[in-house]
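# Summary of structural features
What follows is each chain in one-letter form.
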Amino acid sequence: MSRGSQRGSHRGLHPMRSLLLAAVLASSLAGIGCAEHHAYRVYDPYYTDYHVWNDDEVVYYRRWADENHRDRDREFKRLRPEEQKEYWTWRHNHGDHDRDHDRDKDKDRH
């Protein structure tokens with residue numbers, strides 16, 4: 001193979017590499033933008049159950065923060081343990097009654 005044909009084959013790969021790099025960067029940036037919306041499970045040690053921390057739970061958390069004069073933008077996991085306990089106590093007295101009722105029915109079955 002001559003030097004000229006070797007250069008030609010490398011040139012053909014260059015646009016593909018650029019396209020691949022652009023795709024990788026775009027998917028990375030998309031992941032960064034969505035990072036705030038990922039749900040995760042949070043264990044409530046006071047009521048020994050789990051809650052899915054998602055947009056719905058954030059609504060309850062902000063309502064609790066407003067009612068109790070707390071910073072609504074502070075992350076739950078950054079609260080002191082006694083504040084987390086206050087939240088879980090409040091949370092179990094507000095909303096999600098259907099979920100709690102379903103959990104109680106599951107206990108009765110076993």
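Residues numbered from 1 in each chain as written. Predicted model: local features only at pLDDT ≥ 70, side-chain atom pairs only at ≥ 80, totals over all residues. Heavy atoms only, no water.

Next up on the list: the packing of aromatic side chains. For the coordinates displayed, the defined rule picks out 13 aromatic pairs. If you follow Arg-41 out to its NZ or CZ, it ends over the ring of Tyr-50, 3.9 Å from the centre. Positioned above the aromatic ring of Tyr-60, the side-chain terminus of Arg-91 is 3.5 Å from the ring centre. (Phe/Tyr/Trp six-rings, centres within 6.5 Å; stacked < 30°, edge-to-face > 60°. Lys NZ or Arg CZ within 6 Å of the ring centre and 35° of its normal.)

Moving on: helix α3 (residues 81–92). Taking 1.5 Å per residue, twelve residues should reach 16 Å; α3 reaches 16 Å between its end C-alpha atoms and fits that length. If you check which residues of α3 are buried, you get Glu-83, Gln-84, Tyr-87, Trp-88, Trp-90, Arg-91 and His-92. (Helix = DSSP H or I, 4+ residues; strand = E, 2+ residues; numbered from the N terminus. Expected span 1.5 Å × (residues − 1). Buried < 20%, exposed > 50% of the residue type's maximum accessible area, 1.4 Å probe, protein only.)

What follows deals with the pattern of salt bridges. Tallied over the entire structure, the rule returns nine salt bridges. Across the pair Arg-70 and Glu-83 runs a salt bridge, and its minimum N-O distance is 3.7 Å. With a gap of 13 residues between them, Arg-70 in the loop between α2 (55–67) and α3 and Glu-83 in helix α3 connect regions that are remote in the sequence. For Arg-70, a relative accessible area of 27% translates into the label partly exposed. Glu-83 gets classed as buried once you look at its relative accessible area, which sits at 5%. For Glu-82, the salt bridge goes to Arg-80, with nearest N and O atoms at 2.6 Å. On the basis of relative accessible area, Glu-82 is assigned to the partly exposed category, the value being 43%. Classification of Arg-80 by relative accessible area gives partly exposed; the value is 44%. When salt bridges with common partners are traced through the structure, they connect Arg-70, Arg-74, Arg-80, Glu-82, Glu-83 and Glu-86 into a single cluster. (Salt bridge = Lys/Arg side-chain N within 4 Å of Asp/Glu carboxyl O.)

What you see with strand β2 (residues 49–53) is a clean split: Asp-49, His-51 and Trp-53 sit on the buried side and Tyr-50 and Val-52 on the side with no burial. Pairing geometry for strand β1 (residues 40–44) and β2, over five bridges, is antiparallel. Within β2, the position partnered with Tyr-40 by the bridge is Trp-53. Joining the antiparallel neighbours β1 and β2 is a turn of four residues, in which Thr-48 adopts a positive phi near 45°. (Pairing = 2+ DSSP bridges.)

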